[in-house]
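# Structural features, examined
Residue-level listing of the chains:
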Amino acid sequence: MTTTSRITWDAASARRAERQFLTGPAGPAGSGRPVAEVVGAMMGAHAQVLSAAEVSVGVRTSALTRADVRAALWDERSLIKTYGPRGTVHLLPARELPLWAAALTAIPSGPSPFPPGVRLTEEQAAQVVAAIGEALEDTCLTLDELTEEIVARTGPWAGDRVMPAFQDMWPRWRQVLHRAGWAGTLCFGPNRDRKATYTRPPVAGAAGGGMDGALGTVGELRTGRAWGTGGTSGTAGALGTFVRRYLRAYGPATPQHFAKWLAAPTGWAGTVFRELAVAGGIEEVDFEGTRAWVAAGDTEFPDGPPRGVRLLPYFDAYVIAAQPRERLFPGAAYERALAGGQAGNYPVLLVDGVVAGVWHQRRRGRRTTVTVEPLVRLTARQERELGEQVARVGEVLEARAELVVGNVAVGPHA
């Protein structure tokens with residue numbers, strides 16, 4: 001290991017892979033760790049499609065399966081399924097929910113994409129978020145049931161079906177569904193007859209141990225007592241902790257990288273980084289000739305590049321957060337594995353820390369066929385590791401996997 005203020009891509013990539021439990025061909029450092037700890041190291045697992053989140057977690061270990069992820073989510077409640085970065089559905093460690101809520105609610109709201117006659121005022125949005133929390137106390141409700149409860153607590157305006165969505169019209173209140181998740185008043189419950197349900201998150205610390213007491217509890221967040229009024233005033237507390245956690249996982253990074261990961265305003269992210277730098281929470285480094293940042297004192301990096309083969313599913317955290325993207329998707333990978341520059345639309349083959357192909361799996365009963373399209377010539381060692389990774393994907397999905405090397409004919413999100 002070396003300590004330096006000049007960081008190469010290889011060094012940054014190797015450290016990120018190591019901290020993401022993505023090093024080596026098999027038996028990574030995540031082996032034997034609790035599901036929530038693996039998800040915490042990832043800074044959340046994208047779970048718009050739950051099976052993809054299960055693979056994201058499973059391939060970072062040598063033993064966990066989708067059953068373990070589901071047990072952590074629905075039985076142990078050490079995981080929470082809720083709205084995370086970019087307003088998208090993620091799995092988050094339950095004990096870290098106050099930290100996430102503090103950071104996500106600090107992001108300034110952008111202009112509403114809806115016309116004036118459709119959008120909610122800030123006062124109405126606050127009423128809806130409060131009504132959601134009240135309605136979900138000690139119960140699980142479907143969207144229709146939750147709509148009835150919200151309308152009863154606020155007024156008929158909340159239920160007006162004015163939001164165009166998927167050849168349908170959604171009630172007005174759904175504009176702030178993700179904000180209720182960010183505020184800690186809502187998370188997903190178990191499906192009921194294939195319908196999604198929502199409930200209140202457990203009190204922080206109830207599953208898997210509590211966080212630092214200075215971060216408060218979800219209950220304190222709901223009443224506004226834990227972190228003040230948002231903005232950048234929290235950089236010395238929870239928001240600063242959140243930024244340093246992000247930098248430990250994905251640094252070196254710029255404010256622009258951080259803003260892109262959160263879908264937050266770039267100017268706001270720049271202010272947060274400047275305040276943290278003045279406070280001594282982060283420090284500047286040279287990252288391949290670019291001014292970037294790491295958590296203060298966290299300047300130790302591996303000497304060599306990452307090694308090994310990995311299969312990462314749709315919207316894996318590493319693929320989304322690791323920047324700069326043109327380094328992660330070199331050459332042909334930039335065109336083949338991205339959709340209009342957006343990462344995550346294809347499951348990817350990772351070779352020595354960079355994207356080197358795409359893949360797709362098709363399941364039939366207890367068997368799944370994994371088709372891998374490499375964009376580079378694999379060595380004999382890498383071919384063996386690819387076979388191990390395909391077998392591991394099968395284990396995670398509790399299926400017998402067969403490897404096919406060839407063209408992936410399906411498009412993004414297939």
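Here we take up the overall build of the protein chain. Looking only at helices and strands, the protein chain has 16 helices and 18 strands in total. Within the protein chain, the fraction of its 414 residues that count as buried is 53%. Of the contacts made within the protein chain by residues no fewer than 6 positions apart, 65% connect residues no fewer than 24 positions apart. By element, 50% of the accessible surface of the protein chain is carried by carbon and sulfur atoms, the whole surface being about 17600 Å².

Moving on: the pattern of salt bridges. Enumeration over the complete set of coordinates arrives at 22 salt bridges. Across the pair R66 and E398 runs a salt bridge whose closest N-O atoms are separated by 3.0 Å. Taken together, the residues span a long stretch of sequence, with R66 in helix α4 (residues 66–75) and E398 in the loop between α16 (380–396) and β18 (400–405) at a distance of 332 residues. A salt bridge links E288 to R327; the shortest N-O distance between them is 3.3 Å. Here E288, found in the loop between β11 (282–287) and β12 (290–295), pairs with R327, found in helix α14 (residues 325–328); they are 39 residues apart in sequence, far enough to count as distant. Residue classification places R327 among the partly exposed residues on the basis of a relative accessible area of 36%. Salt bridges linked by common partners bring R15, R19, R248 and D298 together as one network.

Below, the discussion takes up the packing of aromatic side chains. Going through the model one piece at a time under the given rule, you end up with 12 aromatic pairs. Summarising the aromatic geometry, the rings of Y246 and Y250 are spaced 6.1 Å apart at their centres and angled 45° between planes, so their arrangement reads as tilted. Of this pair, Y246 and Y250 both sit in helix α10 (residues 238–250), four residues apart, roughly one helical turn. Linked through ring pairs, W100, F242, Y246, Y250, F258, W261, W268 and F273 together constitute an aromatic cluster. In this arrangement the basic side chain of R15 is found over the ring face of F301, its NZ or CZ atom lying 3.8 Å from the centre. Stacked on the ring of Y346, the Lys or Arg R336 has its end atom at 5.3 Å from the ring centre.

So, about the confidence of the model for the protein chain. Any residue range with low pLDDT should be treated as having predicted coordinates unsuitable for detailed reading. Mean pLDDT over the protein chain: 88, with 89% of residues reaching 70 or higher. This stretch, residues 204–235, has a pLDDT under 50; its non-local contacts, to residues over four places away or in other chains, come to 64 contacts.

What follows deals with unusual backbone geometry. With an omega of -5°, the peptide bond between G251 and P252 qualifies as cis. Following Q323, the chain continues into P324 via a peptide bond in cis, with omega recorded as 5°. Tracing the backbone shows P324 in the loop between α13 (317–321) and α14. Although it is not a glycine, R194 adopts a positive phi angle of roughly 70°. Looking at the secondary structure, you find R194 in the loop between β9 (187–192) and β10 (195–199).

Time to look at the sheet that holds strand β2 (residues 6–7). Read across the open sheet, the three strands follow the order β2-β11-β12; overall the sheet is mixed. Bordering the open sheet on either side are β2 and β12, each of which pairs with just one other strand. Alignment of β2 against β11, held across two bridges, turns out to be parallel. Among the inter-strand pairings, I7 is bridged to a residue of β11, identified as F287. Against the sheet, α10 contacts β11 and β12, and its axis sits at roughly 110° relative to β12.

A word on the pairing of strand β15 (residues 348–351). Side-chain alternation along β15 places V348 and L350 on one buried face and L349 and V351 on a second face that is also buried. With four bridges joining them, strand β14 (residues 309–312) and β15 adopt antiparallel strand pairing. By the bridge assignment for β15, L311 is matched with L349. In this sheet, strand β16 (residues 354–364) lies alongside β15 in antiparallel orientation, the contact comprising three bridges. The residue of β16 that forms the bridge with L350 is V355.

With that settled, the discussion passes to helix α5 (residues 97–105). A large share of α5 lies buried, amounting to eight of its nine residues. Within the span of α5, buried status applies to L97, P98, L99, W100, A101, A102, A103 and L104.

All right, on to the side chain of T254 then. Structurally, T254 can be placed in the loop between α10 and α11 (255–262). On the basis of relative accessibility, which here comes to 7%, the residue T254 falls in the buried class. Excluding its chain neighbours within four sequence positions, the residues that come into contact with T254 are F273, T290, R291, A292 and W293.

Basis of the calculations
Residues numbered from 1 in each chain as written. Predicted model: local features only at pLDDT ≥ 70, side-chain atom pairs only at ≥ 80, totals over all residues. Heavy atoms only, no water. Helix = DSSP H or I, 4+ residues; strand = E, 2+ residues; numbered from the N terminus. Buried < 20%, exposed > 50% of the residue type's maximum accessible area, 1.4 Å probe, protein only. Contact = heavy atoms within 4.5 Å. Areas by Shrake-Rupley, 256 points an atom, 1.4 Å probe, with all protein chains shown as cover. Salt bridge = Lys/Arg side-chain N within 4 Å of Asp/Glu carboxyl O. Phe/Tyr/Trp six-rings, centres within 6.5 Å; stacked < 30°, edge-to-face > 60°. Lys NZ or Arg CZ within 6 Å of the ring centre and 35° of its normal. pLDDT = per-residue confidence, 0-100. Pairing = 2+ DSSP bridges. Axes fitted to C-alpha atoms, helices over the stretch in contact; angles between N-to-C directions.

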